[in-house]
Each structure stands twice: as structure tokens, then as C-alpha cells.
Amino acid sequence: MRLGFLVDLSRCMGCMACAVSCKAENDVPLHSWRLRVKYIDQGEFPEVKRHFVPLRCNHCENAPCERICPVSALHYLPNGIVNVDHNRCIGCASCMMACPYNAIYIDPITNSADKCTYCAHRIEVGMMPACVVACPTHANIFGDLDDPESEISKYLKEHKDVMVRKPELNTKPKHFYVRGSTVALDPLASERPEGYTLFTEVKFLDHIGGH
Amino acid sequence: MLGAEVTFDVALPKVVWGWLVSTNMWAKSIATGSFLLGLYFIKKYPEKDAFFRKWVPILGLIFIGITLLVTVLDLHHMFRFWKIFLFAHFTSAVTLGAWVVSGFVIVLLISFWSWVTGNKKLFDKVMLPGFVLAFFSTIYTAGIMGESTARELWVFPAEMIQMLLSATLAGSAAYLLLMTIYKVEMEEVKRELGYILIGSAFLSGMMYLGEILFARMHSEFSHRAVEILTFGSLAPMFWLGIFLTFIIPIILVGIANEKKKYEYALLGSISALVGLWLVKHSWLLAPQMLPLS
Ligand code: SF4
Ligand code: SF4
């Protein structure tokens, strides 16, 4: 079994139900996110387009975070999920330096690394990840990549425009995007101007977790 | 359609590894560099080895002590550091580093005991393992940087050579500093240390230049990181570091060697040590300034 995710970006309407349900399900503290939805505006009026991009851990098959973790706090589960053992983590933040997708954070309350686990605790008891259930447009498609009959496998077979983030790094992400674009998936393809964006002007956090 | 900009996102973590990590690399360069150069001079000038038999363990223990202290302080769970030995994961350069440095500390303690008791043979016995351990203690950080896949500016073989050059630069600067302060009369050794410092500064400076010029060929990410380093917010720190580490020491130590005025070497050494920290720090921060997602 190889569990994977696929987001059909043409269905995503940026409502953030997935991000909020993830926070609630996993008790993710303030200023930390396992799953977020980024908005990117492209073009100039009247020719403009807004991209919504849900971003979470890719559960890479060749995961740099797993490789660099000195105590195997980050480890593979037999179903392909890259899981975290909070009690083993020493908080060296090497995984944050290694993950090319900004998917890991140091939890300011536990001081341990944390990230999306594809809701491993729910999968264990036969439930879907919280974000999949909450999505009103069924943009999140989750399932076994090894099963040709699973919805995700069929989706991948039917669609030619399947993309992953930073394929050149050979991390082999198990998180796919359909109807994506470079602007949506490459962080260097869009600007992050100074000043306010929607709702906030805080772009960066000074501290990562507490010491 | 024209350009694109992020109009909504959460606040992202920026500097994950800060000054504690730069200090780690800086102090480790002094500890391992002084050890490796100390061995070389003990072998080359056995009749004048007293100075090095004393300062190899002292410099080594002080600076490896600083390295270990900042390493543990930088952990978000500092009292769990022992897990690195109990649950060692050997694909990680962090783990390899912890084991290698622990071995190096044992060698330093033996060399210290050898100096205290005057038992030269004891130190001679651990010279070979000490050389291997000091060598790997120098380069393992380059392994960590290489494994930091997100920070494409850091490329493994290049970082490894930079680490070795930092060690010879910092080690020679530390000895020149001590020799001038304690007025040690070993002209030949001082000249040789001067040439090692000049050579290391020149080669290291050239490597930085090469990395800056050719970053674009590596990836868009490293190209952008180099732009921040050379023209952006980190430029003042980086260029000051380059000036202090490479240009000033080459001039001052060159004068010291030519004119046999070793007080110039003192200034050159201080400049090299201060500059090395600045260069390491800005090089550490640069790829952390860019968004990863
Ligand atoms: S996305 Fe990042 S955190 Fe997730 S498996 Fe890949 S490297 Fe690890
Ligand atoms: S912070 Fe924790 S999970 Fe991340 S690499 Fe260090 S020990 Fe492993």
C-alpha cells in the first residue's frame, strides 16, 4: 500500500475548510500549519486570475526529512506515510532545513517537530483524512496509489496534466496536483511584495517554536 | 498574463538555524584546524614541539567545548540530546557528526592528559585516530548542509572543501595570535603558519567567488540566494566578512612574512577570525531568506 494525495486545482475554491478542519483535528497551535491554502493573483486587470493552492507534506518516497533526522523521529509507516514520533524528536530542526516544501514546523507547545501525517490516526481506524471529509468540492482525492481501482489511481491515469512540486529535487512526492501551473506550484514564480496582503501583513515568523 | 503575486498566505518561519549554528561552525574550524596543524608541526619540528603539545589540547578543548555548548543550546529539546546515541540514525550527517565529535573529544582529553603528565608517547599513540577524527569533525557539517535539500545554495563537495579551508585558516590564525601574544620565537614556524593562512584565505576566497559567479548554473533558488547575499539584505555582512577574512589577512600576513614584523600577523589573524564568523553566518542565512513553498 502506498497512500497518496491528489488535489484537482480546478475544483479548489480557496474556502480553507481543509486547513481549518486540519487545525481542529490535529490540535495545531497558533502560527503553525500542517495544511494551508495559498492565494496567488496573476495578471493585470481586467485579465486576472486567482490560483488557490492547498499545500501540505508530500509524504515523499525519497524524503530528505527522514534521511536527515538524527534519531529517526521521522520515519516511514508501511503504508508510505512519513510519520513523526514527538517523544523521540530532539528539536534540532534539521528536518526543517531539509524539507524543500516548508511542510514541517516546530510545535511551540511540545517543542517537537510536527507536520501533516495524512491523518495517520484516522486512517488506522478506516476513516479518511479530516481535510478530505471537509472539502465541499471534493478537490482532495486520497487513496492507495498501488490499487489500480482506487479513485486516485484512476484520476492519475485519466489526467495528462499531473504535476508535483519541485520534481527536479528527486524527492518523489506522493502528493499530486491536477490542472496546476508553474505559477501555482513554484514558490519563486510569484512575488511576495512588502505590506498588506489579504487579512495580514505578517509574512514571516521570527521564532520557530520556543527554546 | 503578466506577473503573479502571493495575495494570501500564512506567516512562514524564516531563520531556522541562526547564530548558534554559525558559532558552531566557526568554533569547530578553530578546534579541528588547530589540531590538524598542530600534528603537522609536531611531526615537522619535533625538537620544537612543546608549544604545540600544550596548545593543541587547550585550543581543541576550549573550542570544541563551545561547539558542543551551542549545539545543545540550539536544540529545542536540549535535554534529549543523548537520544542521538541511543536511537542513532546513520543516514543522517547529524548523527555521524555527533559520534565523530565525541571520539575527537576523547582524543583531545588524552592529549590534554599527555601534556599535563608530560607523557609524550600517550599523545603520539592517538595522533593517527586523532587526525582521522579531526578531519571528519571538520567536514561532517558539509554533509549536513548537503542533506539540507531545501537550501540549494549548499552543495556537498564545495562545502566540504570550504570547511577544510576554514579549518586551516582558523587554525593558523589562532596559532599566529598565540605566538605573537606569548612572544614565541619560532620564526620558521610563524612564516609557515603565515603562508598556510594566506593560502587558505586565497583558495577559500576564490571558491566563494566561483560559487557566487556560477550559482545561476545550479538552480534558480541558489541564484536568488546569492543575489540576497551579494546585493540584498545580507550584502553588508557578507562583503565585510569577505574583506576581513580574505583580503586584510592576505595583505597583513604577507607584510609580516616579508618584513618579519609579526605584529602585523596578529592583526591579520584577528581580522581572519572575525571575518570568518561573518562569512559563515551570512552564508548560513542566505538560503533561509527565500520562501520554499
Ligand atoms: S514534504 Fe517535506 S516533510 Fe513531507 S515527506 Fe517530503 S521532505 Fe518530508
Ligand atoms: S527536529 Fe526532531 S524530527 Fe526534525 S530532524 Fe530533528 S530530531 Fe528529527
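Before reading on, note that the structure itself is shown above.
Quantities reported herein were computed from a predicted structural model and do not represent experimental measurements. (Residues numbered from 1 in each chain as written. Chains lettered and ligands numbered in written order. Predicted model: local features only at pLDDT ≥ 70, side-chain atom pairs only at ≥ 80, totals over all residues. Heavy atoms only, no water.)

## Thoughts on the overall build of chain B
Helix and strand counts for chain B stand at 10 helices and 2 strands. Moving toward the C terminus, one meets the helices and strands of chain B in the order β-β-α-α-α-α-α-α-α-α-α-α. The buried share among the 293 residues of chain B stands at 61%. Put simply, 79% of the contacts in chain B that link residues at least 6 apart link residues at least 24 apart. Total accessible area on chain B stands at roughly 12,200 Å², and carbon and sulfur atoms take up 74% of it. Here chain B contributes 22 positively and 18 negatively charged side chains, and the mean placements of these two sets differ by 9 Å. (Helix = DSSP H or I, 4+ residues; strand = E, 2+ residues; numbered from the N terminus. Buried < 20%, exposed > 50% of the residue type's maximum accessible area, 1.4 Å probe, protein only. Contact = heavy atoms within 4.5 Å. Areas by Shrake-Rupley, 256 points an atom, 1.4 Å probe, with all protein chains shown as cover. Lys, Arg positive; Asp, Glu negative; His and termini not counted. Charge placed at Lys NZ, Arg CZ, Asp CG, Glu CD.)

## Describing the interface of chain B and chain A
Contacts between the two partners involve 48 residues from chain B, matched on the other side by 67 residues from chain A. Summing both partners gives a buried area of about 5,400 Å² for chain B against chain A, and 59% of it is carried by carbon and sulfur. Taken together, chain B and chain A are joined by 2 salt bridges. Our enumeration of links across chain B and chain A arrives at 38 residue pairs in polar contact (both at pLDDT 80 or more). Only β1 (4-8), β2 (12-13), α2 (50-74), α3 (83-86), α4 (93-117), α5 (120-147) and α8 (220-230) of chain B provide two or more residues apiece to the side of chain B that touches chain A. (Buried area = accessible area lost by both parts, 1.4 Å probe. Salt bridge = Lys/Arg side-chain N within 4 Å of Asp/Glu carboxyl O. Polar contact = N/O pair within 3.5 Å; in protein donor to acceptor, adjacent residues only side chain to side chain.)

## Details of the layout of surface pockets
Roughly 580 Å³ of internal volume is contained in the largest pocket. Lining the largest pocket are 30 residues, and of these N24, T71, I84, V94 and Y140 of chain B lie nearest its centre. Counting only elements with at least two residues in the lining of the largest pocket, the list comes to α1 (19-44), α2, α3, α4 and α5 of chain B. Looking at the lining of the largest pocket, its residues break down into 22 nonpolar, 7 polar and 1 charged. Put simply, the second largest pocket is a space of about 480 Å³. Every residue lining the second largest pocket is counted, 19 residues in all, and those nearest its centre are R192, E194 and F204 of chain A together with M289 and P291 of chain B. The leading source of residues in the lining of the second largest pocket is α8 of chain B, at 3 residues. Here the lining of the second largest pocket is composed, by residue class, of 8 nonpolar, 3 polar and 8 charged. (1 Å grid on protein atoms, 1.4 Å probe; cavity = no way out; pocket = protein on both sides within 12 Å on 5 of 7 lines; lining within 4 Å. Points joined across faces, edges and corners; volume = space filled by probe spheres on them. Nonpolar A, V, L, I, M, F, W, Y, C, P; charged D, E, K, R; others polar.)

## What to know about the packing of aromatic side chains
Under the defined criterion, the tally for this structure stands at 26 aromatic pairs over all chains. Geometrically, the ring pair formed by F90 of chain B and W99 of chain B is tilted, given 5.9 Å between the ring centres and 55° between the ring planes. You can call F90 of chain B partly exposed: its relative accessible area is 48%. Pairwise contacts between aromatic rings join Y40, F41, Y45, F51, F52 and Y175 of chain B into one cluster. Over the face of the ring belonging to F5 of chain A we find R56 of chain A, whose NZ or CZ atom lies 3.8 Å from the ring centre. Directly above the ring of F87 of chain B sits R88 of chain A, whose terminal nitrogen or CZ lies 3.9 Å from the centroid. (Phe/Tyr/Trp six-rings, centres within 6.5 Å; stacked < 30°, edge-to-face > 60°. Lys NZ or Arg CZ within 6 Å of the ring centre and 35° of its normal.)

## Some thoughts on helix α1 (residues 17-26) of chain A
All names here are of chain A. Every buried residue of α1 is listed here: C18, A19, S21, C22, K23 and N26. Buried residues in α1 make contact with β2 (36-44), α4 (120-124), α5 (130-134) and β8 (140-144). A positive backbone phi angle near 50° is found at D27, which sits one or two residues after α1.

## Focus on empty space enclosed by the protein
Summed over the entire model, instances satisfying the criterion amount to 7 cavities of 30 Å³ or more. Its volume calculated, the largest cavity comes out at about 100 Å³.

## Section: the environment of A167 of chain B
Residue and element names in this part refer to chain B. Among the structural elements, A167 can be located in helix α6 (residues 156-181). With 125 residues separating them in the primary sequence, A167 and I42 have C-alpha atoms 18 Å apart. In contact with A167, not counting residues within four places along its chain, are S29, T32, G33 and T138.

## Notes on the pairing of strand β3 (residues 47-55) of chain A
All names here are of chain A. In this structure, β2 lies alongside β3, joined through 9 bridges in antiparallel fashion. Paired with R36 across the bridge in β3 is L55. The loop that links β2 with its antiparallel partner β3 comprises 2 residues. (Pairing = 2+ DSSP bridges.)

## So, a nonpolar patch on the surface
Residue and element names in this part refer to chain B. Taken together, the side chains of F81, W82, F85, L86, F90, L96 and W99 present a nonpolar region at the surface, about 710 Å² in accessible area. Elements supplying a minimum of two residues to the nonpolar patch: α3 and α4. Relative to the helices and strands, L96 resides in helix α4. The exposure class of L96 is partly exposed, given its relative accessible area of 40%. (Patch = residues over 30% accessible without salt bridge, like charges linked within 9 Å, V, L, I, M, F, W, Y side chains within 5 Å.)

## Comments concerning the side chain of N140 of chain A
Residue and element names in this part refer to chain A. Inspection of the secondary structure assignment puts N140 in strand β8. A relative accessible area of 2% means that N140 is categorised as buried. At a separation of 2.9 Å, a polar atom in the side chain of N140 contacts the side chain of R56. In this view, N140 contacts F5, L6, V7, C18, R56, C131, V132 and C135; residues no more than four positions away in its chain are not counted.

## A look at the packing of α4 of chain B against α5 of chain B
A pair of packed helices is characterised by two quantities: the angle between their axes and the separation of those axes. Residue and element names in this part refer to chain B. It is the contact of α4 with α5, at a shortest axis distance of 8 Å, that shows an interaxial angle of 155°. Between α4 and α5, the interaxial angle falls into the category roughly antiparallel. Viewed along their axes, α4 and α5 form a crossing whose handedness is left-handed. Considering only residue class, the contact of α4 with α5 consists of 16 nonpolar, 7 polar and 2 charged. (Axes fitted to C-alpha atoms, helices over the stretch in contact; angles between N-to-C directions. Parallel < 35°, antiparallel > 145°, perpendicular 65-115°, else oblique. Left-handed = near helix turned anticlockwise from the far one by under 90°.)

## Re the sheet that holds β1 of chain B
The 3 strands are arranged β3(A)-β2(A)-β1(B) in an open sheet whose pairing can be described as antiparallel. Single-partner strands in this sheet number two, and they are β3 of chain A together with β1 of chain B. Strand after strand, the sheet turns through a mean of 30° between neighbouring axes, direction not considered. Bridge analysis of β2 of chain A against β1 of chain B gives 4 bridges, and the strand direction is antiparallel. Bridge pairing links Q42 of chain A to A4 of chain B in β1 of chain B.

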